[in-house]
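Below are the chains, spelled out letter by letter.
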Amino acid sequence: MNERDGQRRVVIIGGGFAGLFAARALRRAPVRVTLIDRAEYHLFQPLLYQCSTGILSEGKIAPALRELLRKHKNAELVLAEVTGLDAAGRRVVATRPLGQQLEFAYDYLIVATGMQQSYFGHDEFARWAPGMKTIEDALTIRRRVFGAFEMAESATDPAERSHWLTFALVGAGPTGVELAGQLRELATKTLSREYHHIQPKDARVLLFDGGNAPLATFGPELSAKAATTLTKLGVEQYMGSIVTDVDGTGLSVRAKDGTVTHHDAGCVLWTAGVEAPPVAAAIAAATGAKQDRAGRILVNADLTIPDHPEIMVTGDAISLNKLPGVAEVAMQTGLYAGNRIKHDITGRSNGKPFRYRDLGSAAYISRGKAVVSVGRLHLSGFIGWWMWLFIHIGFLTGFRNRLGAVLSWWLAFTRDLRRERVFTTREVGFVPDIYTARLPATGTELPSNPRTEPSGTNAEPSSRPG
Ligand SMILES: Cc1cc2nc3c(=O)[nH]c(=O)nc-3n(C[C@H](O)[C@H](O)[C@H](O)COP(=O)(O)OP(=O)(O)OC[C@H]3O[C@@H](n4cnc5c(N)ncnc54)[C@H](O)[C@@H]3O)c2cc1C
């Protein structure tokens, strides 16, 4: 109980879709809500690829959490990283920026920490191949993509030019496919008339995945359509390829027949695989909860941790009935968790388990082309694209962001304009600072990781669910 007003205390860890929807469900409930997030924004991850390729600004896809919560009289936001849990004492342990430890007592705890990028045990790849999970990732990718075209424009050696104009993407799930389509669209449309020494349309986009086809989770029909659309766009697809090494020169992949090939690339991007953030293991250890292979926490049908009816896990962080890691699951579990607490404190608990209403999934391939799967309904091409547009306008948080996104899309779709291309001159491609680094004559001179034999790992790219 809160000592000042006798109200129950609800702590929510994470202000993504699940955490925010839980806070919304509790907005008028007689509880004190403390939402702890290590970032001060609520990120709309599905549009990260548009931020990284210059269509949307970071502000349009990541409104400030404080602004979103300003009308919640019972909620406070704390910027801190949760690091541990005292389950018996009902306290969450967190670290505020600059390192001081904080503790938060709770009567109910909602875990909504999402997932982070996984490099399948090869975190050293992250240096060369940024993932796509945070605003920092999107801005790094923006810098590397637009930076690569600039580096190619001023290069005099044809080998160096072709190095910068080769983009490699690991993971052919929705994010990898969306990014691949955007890169070719950038090269053939937005940038096509802006350079004097290079032809941006010559940019090669290579897409690698350990599976047999892109967008495999959408089923064979839509997956085949996606593959055809990507081919028409000029995306080179290397399916059945396991990435064995990534370094400053590009990446090495092993094909199904065991052959290992090195692909020279000036920009490598990683969209394969997710794993739970470290806090999930701390929560599991403190409560005795089990975790699946990716670290998600196994929960009861009412989202509670076994033997801990006061702790619920929501969103991407849960392992329950193979629910996919998609925004709709996060929103629905967040609402369910908030409502369950409301019912519990008013003595109206109905004991109903969580039921997921599957509203389908969508992936954007290029302008006018998307795939949408809703139950038995499978849409692709132009109709799929319209559906994609309506879904994303509907789900963006806040009227201002919706209006801003529609205007930016209008410019991008009708006039090939991408207004959010600004990038800083650090970390362009693999170069820490373009004005202090000695540039290589070709990509082959770059690595600190030598381009030698592959490490022979089992890094299996897999697609993001949904
Ligand atoms: C690039 C990309 C594209 C996607 N596209 C789609 C799509 O088209 N359709 C779809 O339905 N889904 C899509 N998804 C999936 C969807 O975004 C996720 O399912 C959804 O964001 C999960 O919500 P969540 O609240 O569980 O986690 P998140 O949105 O990841 O939020 C977790 C929050 O917890 C915070 N956090 C984590 N650890 C701590 C800690 N220790 N202490 C404090 N705070 C912490 C994080 O800062 C974050 O704010 C996409 C995901 C990505 C990455």
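Residues numbered from 1 in each chain as written. Predicted model: local features only at pLDDT ≥ 70, side-chain atom pairs only at ≥ 80, totals over all residues.

## Remarks on the sheet that holds strand β9 (residues 166-170)
Pairing is parallel in the open sheet, where four strands are placed in the order β11-β10-β9-β15. Strand pairing shows two members of the sheet lacking a second neighbour, β11 (235-239) and β15 (267-270), which therefore form its edges. Pairs of neighbouring strands in the sheet enclose a mean axial angle of 20 degrees, with direction left out of account. In the packing of helix α7 (residues 174-190) onto the sheet, the strands contacted are β9, β10 (204-209), β11 and β15, and the crossing angle to β10 comes to about 170 degrees. (Pairing = 2+ DSSP bridges. Helix = DSSP H or I, 4+ residues; strand = E, 2+ residues; numbered from the N terminus. Axes fitted to C-alpha atoms, helices over the stretch in contact; angles between N-to-C directions. Contact = placed C-beta atoms within 7 Å.)

## Notes on the site of the ligand
Close contacts around the ligand come from 34 residues, with G14, G16, Q45, G114 and G315 the closest. Breaking the shell around the ligand down by element, the ones donating at least two residues are α1 (17-25), β2 (31-37), β4 (81-86), α7 and α10 (327-345). Residues that form the shell around the ligand fall into these classes: 17 nonpolar, eleven polar and six charged. For the shell around the ligand, the two domains that each supply at least three residues are domain 1 (8-117 + 275-345) and domain 2 (123-270 + 361-445). (Near = placed C-beta within 6 Å. Nonpolar A, V, L, I, M, F, W, Y, C, P; charged D, E, K, R; others polar. Domains from an automatic or database assignment.)

## Notes on the packing of α1 against α10
At a closest axis distance of 7 Å, the pairing of α1 and α10 adopts a crossing angle of 35 degrees. As for the relative orientation of α1 and α10, their crossing is right-handed in sense. Here F17, A18, G19, L20, F21, A22, R24 and A25 of α1 lie close against α10, whose contacting residues are A327, A330, M331, T333, G334, L335, A337, G338, N339 and K342. (Left-handed = near helix turned anticlockwise from the far one by under 90°.)

## Observations regarding unusual backbone geometry
Not every positive phi belongs to a glycine, and L98 is a case in point at roughly 80 degrees. Assignment of secondary structure puts L98 in the loop between β5 (91-95) and β6 (101-105). Of the residues examined, L98 has 5 C-beta atoms within 10 Å and is grouped as exposed. (Buried ≥ 20, exposed ≤ 12 C-beta atoms within 10 Å, placed from the backbone.)

## What to know about the domain arrangement of the protein
Each domain of the protein was delimited in the assignment, giving domain 1 (8-117 + 275-345) and domain 2 (123-270 + 361-445). One C-alpha centre belongs to domain 1, the other to domain 2, and the line joining them spans 30 Å. Taken together, the contact between domain 1 and domain 2 spans 25 residues of the former and 30 residues of the latter. Going through the elements one at a time, α2 (48-52), α3 (58-61) and β8 (116-117) are the ones with two or more residues in the side of domain 1 that touches domain 2.

## Here we look at the environment of P130
Relative to the elements of secondary structure, P130 occurs in the loop between β8 and α5 (135-154). Taking the C-alpha atoms as reference points, P130 and P174, separated by 44 residues in sequence, lie 17 Å from one another. Excluding residues within four positions of it along the chain, P130 makes contact with D137, T140, I141, L269 and W270.

## A look at the nonpolar core
Counting residues in hydrophobic clusters, the biggest one holds 75 residues, and the most contacted among them are L169 and V371. If one sorts the elements of this core by residue count, α5 sits on top with eight residues. Residues lining this core come from more than one domain, with at least three contributed by each of domain 1 (8-117 + 275-345) and domain 2 (123-270 + 361-445). Ignoring any residue separated from it by four or fewer positions in sequence, one finds V371 in contact with L215, F218, L222, K225, A226, A362, A363, I365, S380 and G384. In this structure, L109, V299, L303 and M312 belong to the second largest nonpolar core, which totals 59 residues. (Core = buried A, V, L, I, M, F, W, Y, C linked by C-beta atoms within 7 Å.)

## Concerning the sheet that holds strand β19 (residues 308-313)
Judged by pairing direction, the sheet is mixed, and its six strands sit side by side in the order β3-β2-β1-β7-β19-β18 without closing on themselves. The open sheet is flanked by β3 (75-79) and β18 (304-305), the only strands paired with a single partner. In terms of strand pairing, β2 meets β3 through five bridges, oriented parallel. Of the residues in β3, the one forming a bridge with L35 is L77.

## Overview of the confidence of the model for the protein
Reading predicted coordinates in detail is not appropriate for stretches of low pLDDT. Of all residues in the protein, 90% have pLDDT values of 70 or greater, and the mean over the chain is 88. Note on residues 439-466: pLDDT under 50 across the span, and 80 contacts to partners over four residues away in sequence or across chains. (pLDDT = per-residue confidence, 0-100.)

## Thoughts on the environment of G288
Its place among the elements puts G288 in the loop between α9 (278-287) and β17 (297-298). Sequence spacing of G288 and T414 is 126 residues, and the spatial spacing of their C-alpha atoms is 55 Å.

## With respect to α10
Each α-helix winds once per 3.6 residues, and so residues spaced three or four apart point in a common direction. The first and last C-alpha atoms of α10 sit 28 Å apart over 19 residues, in line with the 27 Å expected at 1.5 Å per residue. For α10, every residue scored as buried is listed here: A327, V329, A330, M331, Q332, T333, G334, Y336, A337, G338, R340 and I341. Following α10 by one or two positions, G347 has its phi on the positive side, about 70 degrees. (Expected span 1.5 Å × (residues − 1).)

## Re the packing of α7 against helix α8 (residues 220-233)
Packed helices, taken two at a time, are described by the angle their axes make and the gap between the axes. For the pair α7 and α8, the least separation of the axes is 10 Å and the interaxial angle reads 25 degrees. Judged by the inter-axis angle, α7 sits roughly parallel to α8. By crossing handedness, the relation of α7 to α8 is classed as left-handed. Residue-level contacts link V177, A180, G181 and R184 of α7 to A226, L230 and L233 of α8. Within the contact of α7 with α8, the residues separate by chemical class into five nonpolar, one polar and one charged. (Parallel < 35°, antiparallel > 145°, perpendicular 65-115°, else oblique.)

## Side note on the environment of R254
Structurally, R254 is set in strand β13 (residues 250-254). For R254, a count of 21 C-beta atoms within 10 Å translates into the label buried. In sequence terms R254 and T244 are ten residues apart; their C-alpha atoms lie 6.6 Å from each other.

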